[in-house]
Every structure is written in C-alpha cells, then in structure tokens.
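Architecture at a glance
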Amino acid sequence: MEKIKRKLYLASLALAMLSIVFALLISGKQREFFYFSFYLAMFGLFFERKKIHWKKIDISYAIILIGLVKIVWTLVLYRQDPNYGLGATQLDAGKKLIVGGILTFYFSQFSYYLSTFNYRRYLLASFTLAFVLSTGYGLYQIYHGIDRIALSTNRATIAAYLYSALSILLIYLLIKNKSASVYYHLASALVFIVSFLIITMTGTRAAILSHPLLIMLMVLFHYRKIHLKSLLITTVIVGLGIAVSYDKYLKPKIEQTSMEIKLYQQGDDFSSLGSRFSLWRIGLNIFYQHPYGNTVEARRAQAEEIVSHDRKNKTAMVYIDSHLHDELLEAASLQGIVGLLTVLFFYGYIITLAIKYKNTPLLMIGCCMIVYGLSDVLLISSESLLFFMVCIALFAKKMPAQICG
C-alpha cells in the first residue's frame, strides 16, 4: 500500500509539472494535466486520510477561501438564473481555485515523499522545458509577423505575466543549484535577456517594467544581503537587456504611455491605459456605493449610470462585463468587502509565509500575482489561474535542505 501511495503522489506531481510545460503552448493540455493531477491527488488523500494533519492555517486554506466566496456569491446572487448569467465565469474560477487549493494541500501534506528523489532536478527539467518550448513558440510568432505575441493564451498581457513568472522561477532554480558552475550562471543570464526580449514583444508595459525589478528582488532576497558581485552582474545584465531593446521597442512604449496619459487628462480615454483608468475610477465608485457586492449585470447598470453623468470614462463600458483590469477592484466590485478581504488575506499570507520560511520561489509567485494583479485579473483567467495554482503547489512547501542543493 505504501508503494501505491508514493506512486500516486509522484504521478500527481509529474502531471502538475506537465501542466506547467504546456501552460503557454496548448491551453487545453494544460487544463487536462491540471485536472488529472487533481484526480490522482484525491485518490492519494483518500488512501492517506489517516495521516492528514489539519494545520491551524495553511496557504491552501486561503486559496480555497477565495474559491468558496466566488461560488457562494454566484449561487446566492444568481439563484434565479439556472445558467448563472455573466456570473458563470466567477463560478468556474471558484471551482478551479478550490481544486488548486486541494492540490496544494496534498503536495504540502505529504511532501516527505520528495526526499526519496532529487525533486529539484525534476523541477529544473520541467521549467527549462517549459521555457524553451514557450520561447520557441514566441519566436515562431515573431517570425510570422505577429505584432503582439500571445503564445497560446490569445491575450498578450496574460502571456507576458505567465512567461515572466516562468522565467523568474527558472532563473531561481538555476542559481540555487549547489553544483551550479559558471555555465548555470551564464544560462540564468541568457534566460533573463531572452525573456525580457520576448516580454517586450508582447507589448505588455506592466511586465516590461516589472520583470527586471522582480528579478533583482529575487536575487537580493535569495542571497539575503547586498552581494556586490551578484548585484553588479544582475545590474549589468538588466542594463544590457534594456539597451538592446530600447530604441526599437521600449522608447515607443514610453512615448505611447506618455501620450495616453495626456489624452486621458484631456478627456479622451479611448486607449489601453485610458480605458484602465476609466475602469478603475468606475470600479472604485461602484464599490463605495455597493460595498456588499453586486452581480455583473448590476455592475454594468451602475457603470452606465456613472458614465451618463461623466462621459470622460465612457470607454470603460466596452470592458465592464469582462473585468476591471485590477484583481482587488474586481473582487471588491462583485463580492464586496468579503471578496476584497479574502484576496488581501491571500496576498498577505503568501508573502508572510515566504519571508518567514525564506522561500524565495513562493515570494516571487506572490509578488508576480500582486504586481500583475494591479493591471489585470489573474484569478478568473483560466490559463493564469491554473499556472499560478500549480506553481504554488510545487513550491509552497520548502524543500528539504538535501534536495534544495
């Protein structure tokens, strides 16, 4: 029976890693491997039920809590609609969050199985494969003249956020390796340069700005002190990546940003940044007026009322039914104060846990979700939700010292 339990755990782990590999290649396969991993985890939990230790608090609880809030919100406010109207997206996201939370709970509870093999090596192999394949796909799209590459997501912004997190975690795995030679450090430098160029080609300004800063934060937190040599090397590499792409890619984005801000100040919000400003202003207004929650349809009606008195934010109506391009505002405007507090609790707990246990990859996962959640909604997009849930599951439990290497 012990062999069966171990094989279930390792098989679930392998399927979760395959979900990462396919995250930016084939969304359908990412989803399949995620759920197959979950099914095996459920069997594993059944067989291991007598060994389950219920901790007072766990990162998986925070994830499941967000999922429960989304599900209960949908079932209550859409109880008259058998198809749940526009709330179906929130319901689906809630289910995925609960699945992700259970997967995280399973991997964390029985992490002693990780000491039976070189877990770090398999993580490095899976993230390297994911990076190489997604980079190749990105280069293929660039070669075929796609202006803003989106990989398999069909949304350049989501592709940029996932690719950024993927490359940051890969760099960590490369520099963390005890047997890392100069080749590992050169490989990590190459990963940064290539990833920065690919992210630049997505045209996603939030990721272009944040990616180098997040990598510098990761290096500083990993070494726990100002290591002048490492800091200098990182600064040089970041500077090189910026210099290579500045004239052709970065400068036009800076000018575009400046122009969009100026247009918004003049009352024209018909731009990427302008529409976000409008969504955020309207979202805040709706939350203040309805702090206990809304249906998506009611939110639209309230937004229409606001826009009828202030045409400056009219472009928000184009996107209001999708989301507000901000994780906290999205939760606050729909699930109200409870939704807002659950997301804030999750953010706070993942960062606190990472700092307390010096878990660098978990810190970077949390930082990516927080930073990129300022301009998008990662907890309802299927690709991003599944990707980050699996990453948390793989890194939530700090690996034994002999495995970390």
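Below is a summary of the structure that appears in this document. Predicted, not measured: the structure shown is a model, and the values here were computed from it.

The next point concerns the layout of surface pockets. Put simply, the largest pocket is a space of about 1100 Å³. Taken together, 47 residues line the largest pocket, and the ones lying closest to its centre are Tyr-161, Thr-204, Arg-205, Ala-206 and Arg-276. Counting only elements with at least two residues in the lining of the largest pocket, the list comes to helix H4 (88-109), helix H6 (156-176), helix H8 (205-223), helix H9 (228-265), helix H10 (272-289), helix H11 (296-309) and helix H13 (327-356). Here the element with the most residues in the lining of the largest pocket is H9; it accounts for eight residues. When grouped by side-chain class, the residues that make up the lining of the largest pocket number 22 nonpolar, 16 polar and nine charged.

Okay, the packing of helix H1 (residues 2-21) against H4 next. Two quantities define a packed helix pair, namely the angle between the axes and the distance from one axis to the other. Remark: H1 packs on H4, axes separated minimally by 11 Å, with the N-to-C direction vectors making an angle of 130°. What the angle tells us is that H1 and H4 run oblique. Here the hand of the crossing between H1 and H4 comes out left-handed. Contact residues: H1 offers Lys-5, Leu-8, Tyr-9, Ser-12, Leu-13 and Ala-16, while H4 offers Leu-103, Tyr-106 and Phe-107. Residue composition of the contact of H1 with H4, grouped by class: seven nonpolar, one polar and one charged.

Within soluble globular proteins, side chains that are nonpolar generally end up buried alongside one another. In terms of nonpolar packing, the biggest core is built from 107 residues, with Phe-127, Phe-346, Ile-392 and Leu-394 touching the most fellow members. Take this core: its biggest share by element is 16 residues, from H6. In this structure Leu-394 touches Leu-13, Ala-16, Met-17, Ile-20, Phe-107, Tyr-119, Leu-123 and Phe-127, once residues within four positions along its chain are discounted. Counting eleven residues, the second largest nonpolar core, distinct from the first, contains Ile-286, Ile-306, Leu-324 and Leu-329.

Turning our attention to the packing of aromatic side chains. Working definition: an aromatic ring pair is given by the centre-to-centre distance plus the angle between the planes. Scanning the model with the defined rule gives 28 aromatic pairs in all. Ring geometry for Phe-117 against Tyr-122: centres 5.5 Å apart, planes inclined by 65°, an arrangement best described as edge-to-face. Plain terms: the ring middles of Phe-131 and Tyr-163 are 5.5 Å apart, the flat faces sit at 25° to each other, and that makes the pair stacked. Here the residue Phe-131 occupies a position in helix H5 (residues 119-143), and Tyr-163 occupies one in helix H6, the gap between them amounting to 32 residues. Comparing Phe-131 with Tyr-163, the two get one shared label, buried. An aromatic cluster is defined as three or more aromatic residues linked by ring pairs; in this entry it consists of Tyr-9, Tyr-106, Phe-107, Phe-110, Tyr-112 and Tyr-113. Here the guanidinium or amino end of Arg-49 rests over the ring plane of Phe-46, the centre of that ring lying 4.4 Å away. Between the NZ or CZ atom of Lys-312 and the centre of the ring of Tyr-264, over which it lies, the distance is 4.7 Å.

The rules behind the values
Residues numbered from 1 in each chain as written. Predicted model: local features only at pLDDT ≥ 70, side-chain atom pairs only at ≥ 80, totals over all residues. Heavy atoms only, no water. 1 Å grid on protein atoms, 1.4 Å probe; cavity = no way out; pocket = protein on both sides within 12 Å on 5 of 7 lines; lining within 4 Å. Points joined across faces, edges and corners; volume = space filled by probe spheres on them. Helix = DSSP H or I, 4+ residues; strand = E, 2+ residues; numbered from the N terminus. Nonpolar A, V, L, I, M, F, W, Y, C, P; charged D, E, K, R; others polar. Axes fitted to C-alpha atoms, helices over the stretch in contact; angles between N-to-C directions. Parallel < 35°, antiparallel > 145°, perpendicular 65-115°, else oblique. Left-handed = near helix turned anticlockwise from the far one by under 90°. Contact = heavy atoms within 4.5 Å. Core = buried A, V, L, I, M, F, W, Y, C linked by side-chain atoms within 4.5 Å. Buried < 20%, exposed > 50% of the residue type's maximum accessible area, 1.4 Å probe, protein only. Phe/Tyr/Trp six-rings, centres within 6.5 Å; stacked < 30°, edge-to-face > 60°. Lys NZ or Arg CZ within 6 Å of the ring centre and 35° of its normal.

Note that every value here comes from positions in space, so none of it alone points to a role or purpose.
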